[in-house]
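Residue-level structural notes
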Amino acid sequence: MKINKCNKIMSAIVYMYLTLPIFIFVVGWLKWYWAFLFGISILISTIISINSDNIEYEKIFLKQNISKIVIAIILIALWVTLSGIGGVMFQNSDHGARTAMYKALVDYDWPVISNKGNYGLIYYIGYWLPSAVIGKLFGFEIGYKFQMVWAAIGIFIVYLLICVLRKKVSIWPLIIVILFSGLDIVGSWPQGVIFKFTKHLEYWSAFFQYSSNTTQLFWVFNQAIPAWVATTLIVVGKNRKNILFILGSIMLASTFPFVGLIPFSLYFLFRKFKIQNLKEIFSLQNIVGVCVCGGITFLYLIGNISAGKVNTFENDTDTSIRMIMYVLFCIIEFGFYMMILWRKNKKNKFYYLLLIVLVACPLIRVGDAQDFCMRVSIPALFILMILCIEELPKLYKEKNKTLFVCLVICLSLGACTPMHEINRTIVQTVKAVSKGESPTERIWSIEEEILKGNNFSGPVNESLFYKYLAK
């Protein structure tokens with residue numbers, strides 16, 4: 001394989017992974033003339049982005065690296081299988097609604113509207129669209145299992161991008177991806193749950209929550225994986241011509257993480273800015289990313305009936321208790337990592353941007369749940385992990401034993417959270433199988449629980465998308 005050909009093939013896989021869901025949505029949900037116009041614009045932008053991509057993958061696929069890549073693929077496949085995606089093993093409670101949305105996309109005509117015709121499916125459905133196409137063509141189960149393949153491809157892309165960033169293929173960074181987390185075990189210690197190895201440790205602060213990578217995969221894979229890919233691609237590529245296109249392409253799948261990725265996208269757009277950079281910023285693909293991908297997705301999602309009020313915890317009771325928990329939360333979830341990274345990053349603006357985002361996310365709440373804190377933080381937490389992956393070997397080579405040991409201890413303590421998640425999956429799967437029961441979660445009723453004007457839908461007659469764009 002020629003070097004430039006390898007780069008082009010990998011770039012094509014990466015950008016098609018990000019843009020295929022929004023392309024399917026545009027072609028499958030919009031009136032034919034809008035589908036043609038916007039579908040062509042997304043397709044052209046994808047091709048331009050592939051050709052303008054500046055990431056060099058060829059050194060990753062050298063002969064001496066193949067065995068490591070194979071091991072990485074096996075680990076990724078095992079991780080995805082344990083997550084419950086595809087229904088092979090135990091599923092956490094969130095899977096019931098997610099499987100129902102996939103089933104609705106397979107069983108119903110597009111756009112998905114309730115039998116009474118009053119409510120439409122309005123949710124960040126991007127992740128399921130490729131598997132839904134497979135499901136419509138070859139049956140529900142095949143499409144359901146294809147979700148595992150789609151998840152593994154996304155995670156493998158992330159792993160390759162991290163290898164490109166490090167200019168070296170190793171297995172240990174993938175281990176950190178799987179086991180990275182805040183130090184929830186420290187916060188959970190007073191609650192006495194750390195030795196209950198199937199408990200969810202991230203509930204410890206009550207008011208706030210940052211999720212480990214494994215927690216994200218096991219609970220909200222549909223939002224997490226596209227966000228990981230987009231975040232890593234922007235950080236590694238730093239390509240002004242494509243940044244907004246990458247950002248816009250994930251809005252339909254990772255709506256909350258999309259918000260969290262905006263500050264970092266703007267940073268890479270305008271860092272070391274010169275007037276001639278405007279041509280790169282206003283590239284065709286970036287314009288399509290904002291106006292087409294972002295615009296259509298916004299009009300679609302704004303009709304969701306659960307777009308609740310935005311507030312801060314200052315408006316709640318027990319503000320002093322929340323403030324104390326907030327400070328502890330920041331120290332335990334990311335503070336120790338940031339202190340270790342400070343020595344080499346004290347003059348790095350990107351470091352302080354990361355700190356601001358991580359500090360700010362818990363202060364904002366949308367509706368009554370913690371979704372903003374948990375999901376908007378996904379890109380920032382992933383960037384924090386990438387910085388730790390970069391820093392660990394540097395500290396070792398510099399023989400900075402103190403910081404190296406501190407970072408290893410933090411990573412080890414953090415690993416307790418994903419290990420609890422993994423252990424729960426194994427224990428619950430064995431328990432279900434021994435009883436002759438299915439380890440999968442009950443699929444929610446599409447008509448009664450998905451398309452009934454709740455968190456996953458909205459009134460069709462009040463939606464600009466359903467009125468003017470949807471077929």
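That block above? That's the structure.
Structural notes, computed from the coordinates. Model, not experiment: these values are computed from the prediction.

Attention now goes to the environment of Trp 128. Position of Trp 128 relative to the elements: it lies in the loop between strand S1 (119-121) and helix H5 (129-138). The exposure class assigned to Trp 128 is buried, which follows from its relative accessible area of 0%. Through-space distance from the C-alpha of Trp 128 to that of Tyr 102 is 5.9 Å; in sequence the pair is 26 residues apart. The residues contacting Trp 128, other than those within four sequence positions of it, are Arg 98, Met 101, Tyr 102, Leu 105, Tyr 123, Gln 147, Phe 221 and Asn 222.

Turning next to the side chain of Glu 421. Checked against the element boundaries, Glu 421 lands in helix H19 (residues 416-434). At 3.1 Å, the side chain of Glu 421 forms a polar contact with the side chain of Trp 219. Dropping the residues within four chain positions of it, Glu 421 is found in contact with Asn 92, His 200, Thr 214, Thr 215, Phe 218 and Trp 219.

A word on the packing of aromatic side chains. One pass over the structure, following the stated rule, counts 37 aromatic pairs. Measuring from ring centre to ring centre gives 5.1 Å for Phe 25 and Trp 29, while their planes differ by 35°; the resulting arrangement is tilted. One end of the pair, Phe 25, and the other, Trp 29, are both in helix H1 (residues 3-29), four residues apart, so they sit about a helical turn from each other. With relative accessibility at 0%, the residue Trp 29 sits in the buried group. One residue, Lys 103, lies across the ring of Phe 140, its end atom 5.3 Å from the ring centre.

Following the sequence through the fold, Glu 333 ends up in helix H14 (residues 319-345). An unpaired buried charge is present at Glu 333: no salt bridge exists, and Arg 375, the closest side chain of opposite charge, is 11 Å distant. At a separation of 3.0 Å, a polar atom in the side chain of Glu 333 contacts the side chain of Trp 204.

Criteria and cut-off values
- Residues numbered from 1 in each chain as written.
- Predicted model: local features only at pLDDT ≥ 70, side-chain atom pairs only at ≥ 80, totals over all residues.
- Heavy atoms only, no water.
- Helix = DSSP H or I, 4+ residues; strand = E, 2+ residues; numbered from the N terminus.
- Buried < 20%, exposed > 50% of the residue type's maximum accessible area, 1.4 Å probe, protein only.
- Contact = heavy atoms within 4.5 Å.
- Polar contact = N/O pair within 3.5 Å; in protein donor to acceptor, adjacent residues only side chain to side chain.
- Phe/Tyr/Trp six-rings, centres within 6.5 Å; stacked < 30°, edge-to-face > 60°.
- Lys NZ or Arg CZ within 6 Å of the ring centre and 35° of its normal.
- Lys, Arg positive; Asp, Glu negative; His and termini not counted.
- Salt bridge = Lys/Arg side-chain N within 4 Å of Asp/Glu carboxyl O.

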